[in-house]
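# Overview (structure and organization)
This is what each chain is made of:
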Amino acid sequence: MSSSLAGKLRAFVFNPHNSPKVYQDLKAADVPVTTAECRSCADPCDQDHDDFSSRLDIDLDSDMIGSVKPYRRQVVISTGQTDWEKEVTEVEGTLAALLMTANSSLGTSKKPKSTNDPLPSGLFSHTNAGRLAILNGSHRPFSRDESEETVIVLPDFMVVSGVPRTLTGAEALWKAALDPALDRVGVTTTRSDNLSTWVLQYSCLILLCSHKRRDKRCAIAAPMLEKTFQQYLEREGWEVHTDLHDLTSEPSLESQATSTTEKEQLIETQLKSLHAEHKALILKNSHVGGHKFAGNCIIYTPRGAGVWYGRVTPHEVESIVKHTIIDGQVLPTIFRGGVDLACRGKKTLYDW
């Protein structure tokens with residue numbers, strides 16, 4: 001064994017916050033995982049990274065595994081802001097609040113599916129969950145109509161635009177794309193709404209919690225992490241956006257597909273081509289839970305995998321870029337949990 005690999009394994013085994021069991025559990029569940037160190041720079045750092053961990057009260061002792069509440073879908077609503085009221089779903093007149101109402105009235109009491117093949121703590125399949133997680137995001141809406149929002153739907157990796165900020169609009173979005181009975185193709189029968197849908201045109205989506213009114217720790221962490229992610233991704237030759245590219249000049253899925261089969265094929269073809277584009281979207285978002293583990297970072301890939309990391313500082317970003325964003329593998333030492341990470345027989349989170 002090379003001295004370099006031995007060093008990485010020693011660092012992994014003796015990391016105070018995780019044990020080899022995390023790696024073993026992920027491996028056994030067919031999650032692409034790596035034993036690489038989560039920190040690429042020296043300790044103390046020799047690369048002049050901005051840091052916040054020494055001056056914030058970050059929980060460095062609690063077990064992060066299993067700190068993610070399972071969800072069927074997670075939506076990120078356009079606001080053009082990086083901070084919001086403490087409870088975004090309780091702010092009257094916002095799409096977040098209206099969507100919460102629509103979900104409560106239209107959602108069923110049907111329990112999530114049970115499974116005879118339970119996943120290790122921290123892992124879940126979105127098809128076995130029932131919750132709708134509603135977030136506000138920093139991206140701006142496509143529409144010039146200030147009463148319409150653009151919503152990213154995850155883990156589907158889809159974008160829905162032209163959503164009216166009304167209860168009728170929230171209900172239309174729910175029926176077209178969020179109903180638990182629907183897969184990522186959504187409704188393909190005749191619709192009365194004017195919603196437009198596209199595949200999210202990025203190789204990966206990086207979400208950074210920046211919700212200051214909920215907890216200042218994430219608000220301090222997010223701008224530093226955004227800057228560092230952009231630095232390392234561009235160093236690797238990736239194109240980085242911090243706002244969602246306006247897709248309205250491109251044909252929507254509704255305008256290209258006239259049947260469920262056509263739409264399924266179109267979506268799959270587009271999703272499979274995205275990793276080779278080397279384009280990343282970084283957005284700031286509202287509360288996701290676990291602020292004591294700041295910085296909180298979620299990475300989604302086109303296949304629909306979502307990796308949740310905690311205790312992320314600029315020191316860890318280079319390793320996340322190399323091992324998770326580029327190579328499609330999970331770093332166990334900063335792992336909080338994840339959706340649809342198991343991919344039997346596949347080597348990366350991008351493989352189909």
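Up top is the structure these notes are about.
What this report covers is the structure whose coordinates are included nearby. (Residues numbered from 1 in each chain as written. Predicted model: local features only at pLDDT ≥ 70, side-chain atom pairs only at ≥ 80, totals over all residues. Heavy atoms only, no water.)

## What to know about the overall build of the protein
Looking only at helices and strands, the protein has 8 helices and 12 strands in total. Relative to the globule expectation of 20 Å for 352 residues, the C-alpha radius of gyration of the protein, 20 Å, shows essentially globular dimensions. Structurally, the protein occupies a C-alpha span of about 65 × 40 × 40 Å along its principal axes. Across the 352 residues that make up the protein, the buried fraction comes to 52%. On the protein, roughly 16,000 Å² of surface is accessible, and the fraction owed to carbon and sulfur atoms is 47%. Once the 39 positive and 45 negative side-chain charges of the protein are each reduced to a mean point, those two points are 4 Å apart. (Helix = DSSP H or I, 4+ residues; strand = E, 2+ residues; numbered from the N terminus. Rg over C-alpha atoms; globule rule 2.2 N^0.38 Å. Buried < 20%, exposed > 50% of the residue type's maximum accessible area, 1.4 Å probe, protein only. Areas by Shrake-Rupley, 256 points an atom, 1.4 Å probe, with all protein chains shown as cover. Lys, Arg positive; Asp, Glu negative; His and termini not counted. Charge placed at Lys NZ, Arg CZ, Asp CG, Glu CD.)

## Topic: the packing of helix H3 (residues 95-106) against helix H4 (residues 167-178)
One way to put it is that H3 packs onto H4 with a least axis distance of 8 Å and a crossing angle of 60°. On the basis of the axis angle, H3 is oblique to H4. Relative to H4, H3 is oriented so that their crossing is right-handed. Packed against H3, whose contacting residues are Leu-95, Leu-98, Leu-99, Thr-101, Ala-102, Asn-103, Ser-105 and Leu-106, the element H4 presents Leu-167, Ala-170, Glu-171, Leu-173, Trp-174, Lys-175 and Leu-178 at the interface. (Axes fitted to C-alpha atoms, helices over the stretch in contact; angles between N-to-C directions. Parallel < 35°, antiparallel > 145°, perpendicular 65-115°, else oblique. Left-handed = near helix turned anticlockwise from the far one by under 90°. Contact = heavy atoms within 4.5 Å.)

Function cannot be read off these values alone, since they describe shape.
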